[in-house]
Amino acid sequence: MGGGGVNGPRGQSTSACRPWPAVGGAPLPACLRVRERAVLARVVDDLGTGVGGGSLLTLAGGGGAGQESLVGFAVERARALGHRVLHSRAPRRETGLPGAAAPRVPLFPDSGTPGAGGEMTRLLRSTRSRPLLLAVEEAQWLDPRSLRELQALLRRSTPARIAVVCAGTVGTGPGDGTGWLGAVGSAFGPPAHHLRLAPLPHEEIAGLVALLCGPADDTFTDEAARVSGGHPAVLHDLLLRLAAPGLPPDAERARALREIGRAVLGDHLLAAVRGHGAGTRSLVAALAVCGQHLDLAAVRSVATGDGTETGPATRCLAELPGVRRLPGGRFTVDPGIRDRLLEELGENERAGLFARAARHAHVAGAGDRAVADLLLAARPDRADAEGPWADRTLRRAARDAARHDDHGRAARLLDRLAEREADPGRRAALEVESAAALLVTRPETGDARIARIVRTPGIPAAVRLRAADLGITGGGALGRALTDALGEAGDGGSETLLALLWAADPTGRREGIGLPPLPELPDRPSPRTQAAVRAWQLALRGEEMERSVELARTALGDGTAAEDGTGHAGANRTRGPGESVQLVLAACRALSLTDVPEEAEAAIDRQLGLLHAAPLRLARPHLLALRGEINLRRGRLAQAERDLEAAASAVAATSRSRVLTPYLHGLRAFVDLEAGRGRRAREWATAPLPTVARCGEHQPWLLFARGAIALADGRLRQAVDELHECGRLLESRGHLNPALIPWRSVAAFALRALGREAEAREAIECERARARRWGAGSALAWAEFAAVQEETEPAPPAGGGAHRLDRVGSAMAHARSGPTGPQYTRVLAELAGLQLGAAAGDPRAAASLEELTTLTAAYPAAPMADRARVLAGAATGAESVPGWDALSAAEQQAALLVGRGDTNREIAALLEISIRAVELRLTRAYRKLSVSGRLELRALVAPRTRKDSELDAGPAGRRTGRDPGGVG
């Protein structure tokens, strides 16, 4: 242990650098460590009085606990009293990695062995005339010989006027620097005072805050204590920086402490690390990288690269600010200053550190997320980070990130995986997956990457097609890139690329964008990929339904999954639709306009099942929305509502999918309109749209919904305007099939009510002609039904209304070949009404009425349910049920189902609620209707109905007794 001579200058020390105070340079105020200062003052003052002879005082604590400031206080006080002072600092024995012993400077350079004459003897004799203070800093670095000399001095100091103040750090565990305290404290000699320096108490922190910043509230003081960790030097520097602008220390200002605290901790840590040498620097950098994942032994291996012992560096950890001890013997660096610390390393050194950390974390069984984070920071060409384990970890972490909608992270992981991949084809496939994630978070960047992949020559055709399909599904403008790649694609890829171009624009509207016209698809294409698009083209034009169905079925195949050549199953690799979700959508859209929509729904279900592990998760909202439309066409309102809700949630995850908003709003408005929820239907129809969706291809659906709602509300002119605008947009795009949106039929109802019979007749005739050309039963039924409503010629005299009944019966025959959706229900209601009103009575009326009641029972507030009750009342002549108006809609629903003979279990299954919920509804209905049980309720409800309606049907619906809305 070296030092200046007696009364020598304090700055003389063999230590190359002192870590405390590392920053700021100002001595700590007297309001800190008040108790410890009082003990030191008493020990130093007693030297002058000669009371008690020698004494020993130790100051032990973690790094930055204020040892240096307290030693300085004792030294200055002793000098002020005229005492001799020997102030020394133990030299660190670490100069590099691994630790090396620095040249030892003896405590008494002229002495021989401890206890002999020489310097120690002369020093003790000098205390007879003048007291001596021996101050030793950083005692944890004392070598064994210096410790023995210090113990010898203490044993001989009992009669002398000498005080020994010994300060150092403790707290890092056995054998790591705490031996000095035991060795010094166990020496037989003078009275001893052992002070443990804990973090500053709250009152001292508050006193320093008040001194430097002014009066502060508890929020500010508590935040200052948390950020500084109770370290005096860090707290002092933190408050000095915060006080500089002169702002008050209130709760608002407390938030600034976090940012300033990270900077202060970083400054102190960097200064301390530089003072401790290269070994400590490497160890702390390793802690910053992986201390939270690995134990100290593994961190040492990461620091050295070969497992070299770093014991001397390890002993420094307790005295470093910003280094925290974790349960289980681990250490970590405060997260707020990790980046600052790692910036001090060179790029190669930093990359190597992360690579070694990733390998050790993998061996130690750390989670995929932690290992993947380390791999992201390592260079992909690092030899110690290569290996199948790294690829598998990155792949698993990317999939997990995608499942949790962390698409930015998924893209980064896939990019790193692609950088490690040597095979160009596999690398391109990984870039496609990364582009899928980028399309969610950064669409423009994703588009640029997709275009580059599509144009890249020599990549596998399957990868190019998958990229093209992804770009179209993501809503990007890839027309130019796909056109450029069309002539270069081989191995059948050109046929699929052409199909994708037509899928993006089925009617070939490429004018105004500077692209050449596309080659037409053959009428009977052999590739299944082209068959899907050709089926959709025919369906949009309303031509050759049977061939459209045949082509769609050919395209879909059996949907069996296959491998995509990259080692994992992909959503687009199926034996049916080939390699494209766009082509699945095209085939399913064609089938949805026919009388076999259940086949389209089955194909969508298969595709949705494959999307969870594939890059094309952007297709999910498109598939869910289409399935919702199909369920609406089939009259399954609850299923349609669930699908549309799920589609809306999927749309919210990416800005590009917001183009579907008008489609979703229109469909949801129709679902609510059919279920009797008129107010909510109007809310959907008038809800604001994102800017990107206001002029898109899905606008006709929303316009159609607005027109139907306006018609139901009696706003006839608005209904005509909305429906005509819907038709104009459809016609401009070449969407001529009335099965897509029957806007003419619905507009005819409004035109007829406005007295514009010629326009109504013209619309109906056009609708009937196009429905016949398409040939789907549901489209024909609705066109014929609309025509019957618009007939003005009188019925044949002998028929007594039989002519109209025959026409509606013919429409019903067409409807029975299709799904039992909204149009089916309306035609059936009209048929039942005509059968009940026939002159001689129609024996088929009871069956029609029973079927209508069954179809509408699940939604008693729906317009068609009200129509069924009106018809049932007309059939039985029954009065309305007393107390019926007191029932809620749910209670009416349950009572009606009981009235038709359903059990509680059957009601629960139909309404998709629990049996207990059914029982509660019926119990309330019994009480409100004053009936004793199920049998009485059934007897009361079955033959009766309400003649008045609480439905929100609007003036037009109440006037005509019909609801002309509905979707094809």
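Above this text is the structure in question.
To keep things clear, this report deals only with the structure shown in the data block. (Residues numbered from 1 in each chain as written. Predicted model: local features only at pLDDT ≥ 70, side-chain atom pairs only at ≥ 80, totals over all residues. Heavy atoms only, no water.)

**Quick word on the overall build of the protein**
When helices and strands are tallied, the protein shows 44 helices and 10 strands. Here the protein, with 968 residues, has 56% of them falling under the buried criterion. Sequence-distant contacts in the protein: of pairs separated by 6 or more residues, those separated by 24 or more amount to 71%. Of the roughly 38,700 Å² of accessible surface on the protein, 52% is carried by carbon and sulfur atoms. (Helix = DSSP H or I, 4+ residues; strand = E, 2+ residues; numbered from the N terminus. Buried < 20%, exposed > 50% of the residue type's maximum accessible area, 1.4 Å probe, protein only. Contact = heavy atoms within 4.5 Å. Areas by Shrake-Rupley, 256 points an atom, 1.4 Å probe, with all protein chains shown as cover.)

**Focus on the packing of aromatic side chains**
Geometrically, a pair of aromatic rings is defined through the distance of the ring centres and the angle of the planes. A full pass over the atoms with the stated rule returns 4 aromatic pairs. A ring pair is formed by Phe 670 and Phe 704, whose centres lie 5.1 Å apart and whose planes are at 40°; its orientation type is tilted. Of this pair, Phe 670 sits in helix H29 (residues 661–674) while Phe 704 sits in helix H31 (residues 699–712), and the two are 34 residues apart along the sequence. Across the pair, Phe 704 and Phe 670 agree in class, each one buried. Each ring, one from Phe 749 and one from Phe 785, has its centre 6.5 Å from the other, and the planes form 40°; the classification is tilted. Linking Phe 749 in helix H33 (residues 743–753) with Phe 785 in helix H35 (residues 777–790), this pair joins segments that are 36 residues apart in sequence. Residue Phe 749 is classed as buried on the basis of its relative accessible area, which comes to 14%. (Phe/Tyr/Trp six-rings, centres within 6.5 Å; stacked < 30°, edge-to-face > 60°.)

**Considering the packing of helix H16 (residues 388–403) against helix H17 (residues 407–420)**
Where H16 meets H17, the axes come as close as 8 Å, and the angle between the chain directions of the two elements is 160°. Here H16 lies roughly antiparallel to H17, going by the angle between them. Of the two elements, H16 crosses H17, and the hand of that crossing is left-handed. Across the interface between the two elements, Ala 390, Asp 391, Leu 394, Arg 395, Ala 397, Ala 398, Ala 401 and Ala 402 of H16 pack against His 407, Arg 409, Ala 410, Leu 413, Leu 414, Arg 416, Leu 417 and Arg 420 of H17. Residues belonging to the contact of H16 with H17 are distributed by class as follows: 10 nonpolar, 1 polar and 5 charged. (Axes fitted to C-alpha atoms, helices over the stretch in contact; angles between N-to-C directions. Parallel < 35°, antiparallel > 145°, perpendicular 65-115°, else oblique. Left-handed = near helix turned anticlockwise from the far one by under 90°. Nonpolar A, V, L, I, M, F, W, Y, C, P; charged D, E, K, R; others polar.)

**Focus: the pattern of salt bridges**
Counting across every chain of the model gives 46 salt bridges. The salt bridge involving Glu 76 is made with Arg 79; its shortest N-O contact spans 3.6 Å. Linking Glu 76 with Arg 79, this pair stays in helix H2 (residues 67–80), spanning 3 residues, or about one helical turn. By relative accessible area, Glu 76 is classed as partly exposed at 45%. Asp 672 is the partner of Arg 680 in a salt bridge, and the nearest nitrogen-oxygen pair spans 2.8 Å. A relative accessible area of 33% places Arg 680 in the partly exposed class. (Salt bridge = Lys/Arg side-chain N within 4 Å of Asp/Glu carboxyl O.)

**Here's the deal with the layout of surface pockets**
Over the atoms, a rolling probe the size of a water molecule traces out where space has been left empty. Its boundaries defined by the atoms lining it, the second largest pocket holds a volume of some 740 Å³. Gly 635, Leu 637, Leu 855, Ala 858 and Tyr 859 are the residues nearest the centre of the second largest pocket, which is lined by 31 residues in total. Residue composition of the lining of the second largest pocket, grouped by class: 16 nonpolar, 8 polar and 7 charged. (1 Å grid on protein atoms, 1.4 Å probe; cavity = no way out; pocket = protein on both sides within 12 Å on 5 of 7 lines; lining within 4 Å. Points joined across faces, edges and corners; volume = space filled by probe spheres on them.)

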